[in-house]
Amino acid sequence: QEDFRSNRTGLLGIEASWQRTKGGETFKSSPIAKLFLLASIKFAMRDAWGMGVEYEGGRPGWLDSMNGLPGMVGSGMPETYELLLLMKYVKKVVDSYDREVVVPSELATMVTTVEASLDKLKSASYKDEFPLPNDVPEPLFEYWDEVATAREIY
């Protein structure tokens, strides 16, 4: 077994790939906390209009229907609908078992920042104009910038 110990970390085999706390213990989280993390990150990845989930790498390439306008715009509505379903599922599970969801402190900080940004946007009393302007209105851009910054810090 010592043949598989990493010279760099001192850990055996696959243990070297597991995320660890600052104290060196293996980091563990529940499946619902992982789903909450996924939903939180996707929510923070919505575009400046708050509609589509941003594409990180531009056009997906492998999906012809998304290589046109959605790929150029950089966000997609199908992912937003998937996000809605994921958020509804997480809420249903959390409500039905009536237990706390323990999340990493870094995620809690990001979620708190997103909530504060949403409150700030709500207090700005922004209302969409029709037809929509070509440029993103200032309150929406400020919200997006704050949330994107929080996500990148996370």
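This text goes with the structure placed above it.
Residues numbered from 1 in each chain as written. Predicted model: local features only at pLDDT ≥ 70, side-chain atom pairs only at ≥ 80, totals over all residues. Heavy atoms only, no water.

**Student:** Quick rundown of unusual backbone geometry? Include the residues and the values.
**Tutor:** A cis amide bond links F130 with the next residue in sequence, P131, at an omega value of 0°. Here P131 lies in the loop between helix 4 (105–123) and helix 5 (138–153). Its identity is not glycine, yet D98 carries a phi of approximately 50°, on the positive side. Among the structural elements, D98 can be located in the loop between helix 3 (77–97) and helix 4. (Helix = DSSP H or I, 4+ residues; strand = E, 2+ residues; numbered from the N terminus.)

**Student:** Hey, could you go over the nonpolar core for me, with residue numbers and the actual values?
**Tutor:** Side chains of a nonpolar character, in soluble globular proteins, are inclined to be buried together. If you look at the biggest cluster of nonpolar residues, it comprises 19 residues, and the most contacted ones within it are F43, A44, M110, V114, Y143 and V147. Going through the elements one at a time, helix 1 (31–44), helix 3, helix 4 and helix 5 are the ones with two or more residues in this core. Filtering out sequence-adjacent residues up to four positions away, F43 remains in contact with L83, M87, V114, L118 and Y143. (Core = buried A, V, L, I, M, F, W, Y, C linked by side-chain atoms within 4.5 Å. Buried < 20%, exposed > 50% of the residue type's maximum accessible area, 1.4 Å probe, protein only. Contact = heavy atoms within 4.5 Å.)

**Student:** Before we move on, could you go through helix 1 and cite the residues and values that matter?
**Tutor:** In this model helix 1 runs 20 Å from its N-terminal to its C-terminal C-alpha over 14 residues, within 8% of the 20 Å that 1.5 Å per residue would give. I32, A33, A39, S40, I41, F43 and A44 are the residues of helix 1 that are buried. The inward-facing, buried residues of helix 1 abut helix 3, helix 4 and helix 5. (Expected span 1.5 Å × (residues − 1).)

**Student:** Run through the side chain of R46, naming residues and quoting values.
**Tutor:** Within the fold, R46 resides in the loop between helix 1 and strand 1 (53–54). D47 provides the closest opposite charge to the buried, unpaired R46, separated from it by 6.8 Å. A polar side-chain atom of R46 sits 3.0 Å from a polar atom in the side chain of Y143. Once residues within four sequence positions are removed from consideration, R46 is found in contact with G52, V53, E54, L83, Y143 and W144. (Lys, Arg positive; Asp, Glu negative; His and termini not counted. Salt bridge = Lys/Arg side-chain N within 4 Å of Asp/Glu carboxyl O. Polar contact = N/O pair within 3.5 Å; in protein donor to acceptor, adjacent residues only side chain to side chain.)

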